[in-house]
Amino acid sequence: MTTPVDVLIIGAGASGAAVAWSLADTRMRILCLEQGDWVKSSDYPSNGRDWEARGMGDFSFSPNRRASDVDYPVNEDGSPIKIANFNGVGGGTILYAGHFPRFHPSDFRVHSLDGVGDDWPINYQTLEPYYAENDRMMGISGLAGDPAYPPMNPVMPPLPLGKAGAKLAKGMNTLGWHWWPSDSGVATADYDGRGKCINLGNCLGGCAQGAKASTDITYWPHAIRAGVELRTRCRVREITTNAQGMASGVIYYDAHGVEHFQAAEVVILACNGIGTPRILLNSTSTRFPNGLANSSGLVGKNLMFHPYAGIFGYFEEPLDGYRGPLNVIRSQQFYETDLSRGFVRGYTFEFSRGRGPVGTALADIGTGRLPWGAGHHDAYRKLFNRITGMVAICEDLPEEHNTVTLDRTLTDSNGIPAPKIDYTLSENSRRMLDHAVARASEALRAAGAYDVAAESPLSVGGWHLMGTARMGTDPSLSVVNEWGRCHDVKNLFIVDGSIFVTSAGVNPTSTIQALALYIADSIKQRLANLFD
Amino acid sequence: MDNVDLIAGENPWSAQQRRSLRCLLGRMIPASGDYGVPGADDEAIFADVLTTARPHANHVHDALQRLDALAQGSYTDLDTAQQLVVAETFRAEQPALAGLLAAITVQCYYRDDRVMRSLDMEPRPPFPKGFEVEAGDWSLLDPVRVRPKFYREAP
């Protein structure tokens with residue numbers, strides 16, 4: 001048996017890193033168990049000529065495609081949208097694009113304003129100071145003054161527009177539509193030991209420059225210097241409980257497959273909207289036969305993605321192609337509810353820059369624009385560096401039939417039951433996606449595109465995993481309370497995207513981390529009576 | 001033959017299969033004198049393809065078997081026009097296998113030095129040199145800056 005700790009955090013990704021850093025100033029003994037490894041910047045694909053190929057292999061965002069021994073398999077046959085994640089120090093921030101928008105005030109009041117979903121038990125004002133603190137810790141670039149948001153002050157200037165951004169901005173201006181520089185985790189100046197962006201163009205494969213705010217290079221160095229222990233290659237099987245029904249620690253496997261028990265006074269789950277319900281559902285006992293913290297029956301239910309559409313325009317003149325970060329500008333012209341559009345809630349357009357040489361060929365062999373044979377080279381040169389566009393990231397509403405359960409036969413390399421995803425795209429989402437494709441096509445044509453292609457929904461787009469251990473004040477309708485503590489187990493907390501009540505129509509990392517900092521502060525303020 | 005045997009073997013494909021594959025690559029992306037680029041059947045690119053294809057050896061094997069079946073013999077024995085017809089038939093009939101072969105081929109072809117230079121790319125990885133991206137004209141944002149706020153307040 002290992003030495004007991006005061007706080008045990010499971011997962012070293014976006015939320016685990018933030019909560020570890022924030023709690024470090026309590027001087028408690030804090031341990032984080034992470035099933036993956038540290039990733040060396042010299043291992044990232046941008047160091048090699050095969051950078052695009054590796055994005056489809058060992059640095060794919062699909063755990064099933066990577067299939068490394070630190071990944072767990074996911075049965076996603078029951079979902080049109082496939083799971084994306086990364087298991088390692090930094091978690092999903094290793095492979096995310098770096099988009100860093102906040103939720104809007106209306107995103108916390110979906111039921112009150114629009115009569116769908118549920119309201120959050122907290123609001124924008126609750127999280128605002130934590131958003132700002134997180135922006136400083138992660139080092140966010142952007143521009144103040146966006147009329148789509150309450151005031152905020154990014155800590156670095158915005159990313160360059162480039163040829164593609166300027167082209168798209170002109171199209172949006174022609175239509176009179178909103179756009180604004182993206183809030184981004186990509187540094188535009190040297191910041192807290194990170195180098196500024198040098199436009200490698202492969203943010204999704206991990207940033208070899210270290211410009212992108214992944215938590216292995218933002219929060220973790222600070223947390224470790226403050227005394228937090230981070231133990232890698234430790235895969236948690238289950239959370240154990242004592243006779244009083246409190247969490248007593250976890251059982252985990254080390255890199256050699258040896259089983260250990262780690263005792264803890266407080267356990268914090270930070271494993272994302274798939275990994276967290278997986279552990280809770282695997283943590284059964286006589287007292288908790290349906291999984292831990294699951295008296296509501298809602299652990300693993302209400303899974304939300306963000307249904308994505310990808311829309312790309314073909315232009316006559318050269319644009320940025322493979323150069324530059326994926327983040328550039330966004331539009332929230334269609335964000336707030338307008339029922340005349342045929343759906344409730346809304347979406348964000350996130351514009352991109354272009355494609356690499358391999359990506360260009362792969363995409364347009366698929367669309368039929370790039371032939372085999374004699375016409376290949378002429379056609380390729382009309383495409384290369386001449387494609388840009390956007391994704392629409394649509395708000396997904398909670399529905400109990402969208403679930404994470406345990407697969408009956410599939411297991412990881414330690415024999416732990418794997419998660420099984422069952423998800424159906426709602427009619428509201430379909431209408432929103434259709435609207436987004438039509439409006440994006442207008443914008444691209446207005447920008448000068450001679451042709452437009454779209455994929456909707458993006459099947460690979462399960463980047464955002466939310467809602468499967470929702471927050472609320474009623475224990476029969478939620479898993480955690482309004483400050484992240486499980487209703488059923490008073491020394492068990494959840495700080496990842498599982499606790500989202502609704503998804504908003506923006507990337508969740510900023511809100512996940514703001515919530516983690518808010519919950520850490522809530523714990524610190526209640527240390528004397530934390531378990532009451 | 002199962003996938004494990006194919007991967008473990010020194011040569012996952014027979015000499016004839018390798019000839020068929022190389023021939024197909026040349027039909028997929030032929031050399032171009034106009035652009036000064038080799039075809040995908042170039043010796044160096046083909047060697048890269050063989051290495052890259054090894055994890056997918058079983059599927060490549062299936063693809064080449066189907067190609068020969070469509071050729072009613074050896075694909076390499078057909079004349080160029082017939083090879084093109086069979087290649088298109090193969091694409092239409094076996095989109096998944098054809099897509100796999102195309103994916104492997106283009107990821108090797110478009111990282112070849114000669115091909116990258118023909119596209120005005122430096123033949124190097126992105127890091128550490130990086131690339132230039134112009135800042136752009138931020139006056140484009142002026143009409144948006146003067147727009148009234150349009151987010152909804154919520155208590």
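The structure we're discussing is the one just above.
Small disclaimer: the values here were computed from a predicted structure and weren't measured.

The rules behind these values
- Residues numbered from 1 in each chain as written.
- Chains lettered and ligands numbered in written order.
- Predicted model: local features only at pLDDT ≥ 70, side-chain atom pairs only at ≥ 80, totals over all residues.
- Buried ≥ 20, exposed ≤ 12 C-beta atoms within 10 Å, placed from the backbone.
- Helix = DSSP H or I, 4+ residues; strand = E, 2+ residues; numbered from the N terminus.
- Arc of directions from axis to C-beta.
- Contact = placed C-beta atoms within 7 Å.
- Nonpolar A, V, L, I, M, F, W, Y, C, P; charged D, E, K, R; others polar.
- Core = buried A, V, L, I, M, F, W, Y, C linked by C-beta atoms within 7 Å.
- Pairing = 2+ DSSP bridges.
- Axes fitted to C-alpha atoms, helices over the stretch in contact; angles between N-to-C directions.

*Asks:* Whenever I open this one, helix H3 (residues 43–53) of chain B confuses me. Can you help?
*Replies:* Residues and elements named next belong to chain B. Those residues of H3 not exposed but buried are Ile45, Phe46, Asp48, Val49 and Ala53. The arc that holds the buried residues of H3, viewed along the axis, is 160°, so those residues lie on one side. Counted as exposed and oriented over 90 degrees from the buried face of H3: Glu43, Ala44, Ala47 and Thr51. In this structure, the buried side of H3 is in contact with helix H2 (15–28), helix H4 (57–71) and helix H6 (95–109).

*Asks:* Help me out: how do you make sense of the interface of chain B and chain A in this one?
*Replies:* Think of interface size as the accessible area that goes away when the parts come together; that is how it is often given. Residue-level contacts link 41 residues of chain B with 54 residues of chain A. Only H2, helix H5 (80–93), H6 and helix H8 (142–145) of chain B provide two or more residues apiece to the side of chain B that touches chain A. The element contributing the most residues to the side of chain B that touches chain A is H6 of chain B, with 4 residues. Here the residues of the side of chain B that touches chain A are counted per class, giving 27 nonpolar, 4 polar and 10 charged.

*Asks:* Would you explain unusual backbone geometry in this entry?
*Replies:* Cis geometry is adopted by the peptide bond preceding proline 457 of chain A, which originates at serine 456 of chain A and carries an omega value of -10°. In this structure, proline 457 of chain A sits in the loop between strand E15 (451–455) and strand E16 (492–494). In this structure, proline 128 of chain B follows phenylalanine 127 of chain B across a cis peptide bond, with omega equal to 15°. Positive phi values are uncommon outside glycine, yet aspartate 192 of chain A reaches one of about 50°. Here aspartate 192 of chain A shows up in the loop between strand E4 (180–181) and helix H7 (219–225). Under the C-beta neighbour-count criterion, aspartate 192 of chain A is labelled partly exposed, with 15 such atoms within 10 Å. The backbone phi angle of alanine 293 of chain A is positive, close to 65°, even though this residue is not glycine.

*Asks:* Mind showing me how you'd approach the nonpolar core here?
*Replies:* Burial of nonpolar side chains together is a common tendency in soluble globular proteins. Formed by 162 residues in total, the largest nonpolar core has its most connected members in Leu8, Ile9, Ile10, Val19, Ala20, Ile268 and Ala392 of chain A. For this core, the leading source of residues is helix H12 (residues 509–525) of chain A, giving 9 residues. Excluding residues that lie within four positions of it along the chain, isoleucine 10 of chain A makes contacts with Leu33, Val236, Val250, Ile268, Leu269, Ala270, Cys271 and Ile279 of chain A. Among the nonpolar cores identified, the runner-up in size contains 42 residues, and Leu25, Ala53, Leu64 and Ala71 of chain B belong to it.

*Asks:* Please explain the sheet that holds strand E12 (residues 387–394) of chain A as it appears in this structure.
*Replies:* The strands making up a sheet associate through hydrogen bonds between their backbones, and the pairing can be parallel or antiparallel. Residue and element names in this part refer to chain A. Spatial strand order, E4-E10-E11-E12-E9-E15: 6 strands in an open sheet with antiparallel pairing. Looking at the sheet topology across the chains shown, the edges are occupied by E4 and E15. Of the pairings in the sheet, the one linking strand E10 (residues 329–331) to strand E11 (residues 347–351) comprises 2 bridges and is antiparallel in character. Along E11, the bridge assignment pairs serine 331 with phenylalanine 349. Of the strands in this sheet, E10, E11 and E12 touch helix H6 (residues 162–175), which is tilted by about 20° from E10. Against the sheet, helix H11 (residues 427–446) engages strand E9 (308–314), E11, E12 and E15, with an angle of about 155° to E12.

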